Amino acid sequence: MDVRSPFSRRKFVGGVAAAVGALSLRPGAELLAQGQTAQFTGGEAEYDAFIKLASNENNYGPPPSVMKAMQDAFKYANRYGYPDGNIVQVIADHHGVKRENVLLTAGSGEGLDVVATTYLGPGKKVLGVSPSYASVFQQASNVKADSIQIPLTKDYRQNISAMIETTNRHAREIGFVYMCNPNNPTGAVVTAKEIKDLLDNIPKDMPVLIDEAYHHFVNDPAYGTAIPHVLEGRPVIVARTFSKIAALAAMRIGYSIAPADMVREMNVYASNSVNVLAKWGAVASLKDKAAEADVKAKIVDMRDKTTKVLESYGYPVIPSQANFFMVSLGDRQVQGVIAEFLKMGILVGRPFPPLLNHLRVSVGTAEDMEKFMTAFKKIFPQKAATATRG
Ligand SMILES: Cc1ncc(COP(=O)(O)O)c(C=O)c1O
């Protein structure tokens, strides 16, 4: 089942660019609207004015404890070897692993790239689902490898039996399996039992990368982190980030938990250049459990409230366990809808083919979501309330 997406990123980005271009917006805004959030090229005031619901960021920002830790760390700005809050040991203790099991990276995105660089190469493939967080598929092509992307099931879940079957059939070519849990862009989880089934039924030495960027927002009791599988000695790599729950996206800090021999292999390709403020901010954020619980509760509550409003307005939402959700647009295509939101100063998610009749919306503050709903109601007519989702 070599299922490659028929849409190239460039193609659909071009489509949105054309739609957005017609609105004669500044180039910085166009880039944001295309999901090209790497660098905003417009002005500060222009950026600040947007309601940002496009990149699954944490719109609350870091709590005071984390801000203070980063401010205090400025005194080391002129140093190379400086006290770093013992960040690697703090992460290890947090998970009950050894420091040899921790690979610190500049965002979890660097960790995903490092896994792909380490376990792929010409002739190799990464196996995952589509749509999912596509950065490992992109990195695969950067290192002249390829990907096998299995479509989601009809109810937008990851197809575990197809993943097992395909991994076994292509075992020699597959460098590693990628699973995003909860999945971006749907927010759907893979259960702990499904992960165990996958690991039990593919070759014992097959590396499996489980991207838990949105772990902290999950309430579903059937979900579980895959870190215990690392402790069992399986070739499992779990990627985590401080960009989402901890609101440190611009600080660039994340990590992977993996068996010590895999961490050593991967470390060769890691930049080892996480900055001092990020390290101290991350340490403070792991310690401030009250702030984490508070922001999780606010975001989950706002997600569930917004979902209910959308569904009673007639637009089904894919059940999400993350800080974003996908709403069905009926027969409307998402490209034009993104442009309409942009006209009203609201940035929403980019298209995720083949789900082109769905819009991904990140969950912001109560005020952000009120503005989103007002705009949504201007763009879309009310329909009969829906209980059926998807
Ligand atoms: C599923 C997933 N993994 C990883 C990342 C990378 O995040 P970062 O590099 O900021 O840690 C993102 C960012 O949106 C994501 O959605």
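Remember, predicted model here, so these are calculated numbers, not experimental data.

### Quick look at the overall build of the chain
Check the secondary structure of the chain and you find 15 helices and twelve strands. Considering the chain as a whole, with its 390 residues, one finds that 49% of them fall into the buried category. Put simply, of all contacts in the chain between residues at least 6 apart along the chain, 73% involve residues at least 24 apart.

### Examining the confidence of the model for the chain
Detailed reading of the predicted coordinates is not advisable wherever pLDDT falls low. When pLDDT is averaged across the chain, the result is 91; 89% of the residues are at 70 or more. Across residues 1–24 the pLDDT falls below 50, and counting only partners more than four positions away or on other chains, this stretch makes 38 contacts in the model.

### Things to note about the site of the ligand
Around the ligand, the surrounding shell holds 13 residues, and the nearest of these are G107, S108, G109, T241 and S243. Of the residues belonging to the shell around the ligand, the class tally is four nonpolar, eight polar and one charged.

### Here we look at helix α9 (residues 192–200)
Among all positions in α9, only E194, I195, L198 and L199 are buried. With its buried residues spanning 135° around the axis, α9 presents them on a single face. Among the exposed residues of α9, those pointing more than 90 degrees away from its buried face are K193 and D200.

### Here we look at unusual backbone geometry
In this structure, the amide linkage connecting S130 to the following residue, P131, adopts the cis form with an omega of 0°. Along the polypeptide, P131 turns up in the loop between β3 (125–130) and α7 (135–142). Backbone torsion omega between N181 and P182 reads -5°, so that peptide bond is classified as cis. Here the phi dihedral of N56 falls at roughly 55°; this positive angle occurs in a residue that is not glycine. The residue N56 is located in the loop between β1 (51–53) and α4 (64–73) in this model. Looking at N56, the number of C-beta atoms within 10 Å reads 24, which means it is buried. Even without a glycine there, the phi angle at Y156 is positive, about 65°. Relative to the helices and strands, Y156 is located in the loop between β4 (146–151) and α8 (160–169).

### Considerations on the sheet that holds strand β2 (residues 102–105)
An order of β2-β8-β7-β6-β5-β3-β4 is seen for the seven strands of this open sheet, with the pairing classed as mixed. Only two strands of the sheet have a single neighbouring strand rather than two, namely β2 and β4. Each neighbouring strand pair of the sheet contributes to a mean axis angle of 20°, computed without reference to strand direction. Sitting on the sheet, helix α5 (residues 87–95) touches β2 and β8 (254–257), and the angle it makes with β2 is about 130°. Relative to β3, α7 is tilted by about 150°, and along the sheet it contacts β3, β4 and β5 (174–180).

### What to know about the sheet that holds strand β12 (residues 358–362)
Taken in spatial order, the three strands make up an open sheet running β9-β10-β12, and their pairing is antiparallel. Edge positions in the sheet fall to β9 (317–318) and β12, since each of these pairs with one other strand and no more. Both β9 and strand β10 (residues 324–328) contribute to a ladder of two bridges, which runs antiparallel. Along β10, the bridge assignment pairs V317 with V327.

### Some points on the packing of helix α6 (residues 108–119) against α7
At their nearest, the axes of α6 and α7 sit 9 Å apart, and the two run at 45° to each other. Here α6 is positioned oblique relative to α7, judged by the angle of their axes. As for the relative orientation of α6 and α7, their crossing is right-handed in sense. Contacts from G109, L112, D113, A116 and T117 of α6 reach α7 at S135, V136, Q139 and A140. By residue class, the composition of the contact of α6 with α7 is four nonpolar, four polar and one charged.

### A look at the packing of helix α13 (residues 289–312) against helix α15 (residues 366–379)
Running from amino to carboxyl end, α13 crosses α15 at an angle of 15°, the nearest separation of the two axes being 11 Å. By the angle class used here, α13 and α15 are roughly parallel. In this structure, α13 meets α15 at a crossing whose hand is right-handed. Facing α13, whose interface residues are M302, T306 and V309, α15 presents A366, M369 and M373.

### A closer look at the pairing of β3
Among the six residues in β3, five count as buried, and that is most of the element. Across six bridges, the pairing between β3 and β4 is parallel. Bridged to V126 within β4 is S147.

### Here we look at the nonpolar core
In terms of nonpolar packing, the biggest core is built from 112 residues, with V126 and V177 touching the most fellow members. Taken together, domain 1 (9–62 + 290–379) and domain 2 (64–288) each give at least three residues to this core, which thus spans both. Other than its neighbours up to four places away in sequence, V126 contacts A116, L120, V136, F137, A140, A145, S147, G175, F176 and Y178.

### So, the environment of G81
In this fold, G81 is placed in the loop between α4 and α5. Between the C-alpha atom of G81 and that of V276, which follows or precedes it by 195 residues, the distance is 9.9 Å.

What counts, and at which threshold
Residues numbered from 1 in each chain as written. Predicted model: local features only at pLDDT ≥ 70, side-chain atom pairs only at ≥ 80, totals over all residues. Helix = DSSP H or I, 4+ residues; strand = E, 2+ residues; numbered from the N terminus. Buried ≥ 20, exposed ≤ 12 C-beta atoms within 10 Å, placed from the backbone. Contact = placed C-beta atoms within 7 Å. pLDDT = per-residue confidence, 0-100. Near = placed C-beta within 6 Å. Nonpolar A, V, L, I, M, F, W, Y, C, P; charged D, E, K, R; others polar. Arc of directions from axis to C-beta. Pairing = 2+ DSSP bridges. Axes fitted to C-alpha atoms, helices over the stretch in contact; angles between N-to-C directions. Parallel < 35°, antiparallel > 145°, perpendicular 65-115°, else oblique. Left-handed = near helix turned anticlockwise from the far one by under 90°. Core = buried A, V, L, I, M, F, W, Y, C linked by C-beta atoms within 7 Å. Domains from an automatic or database assignment.

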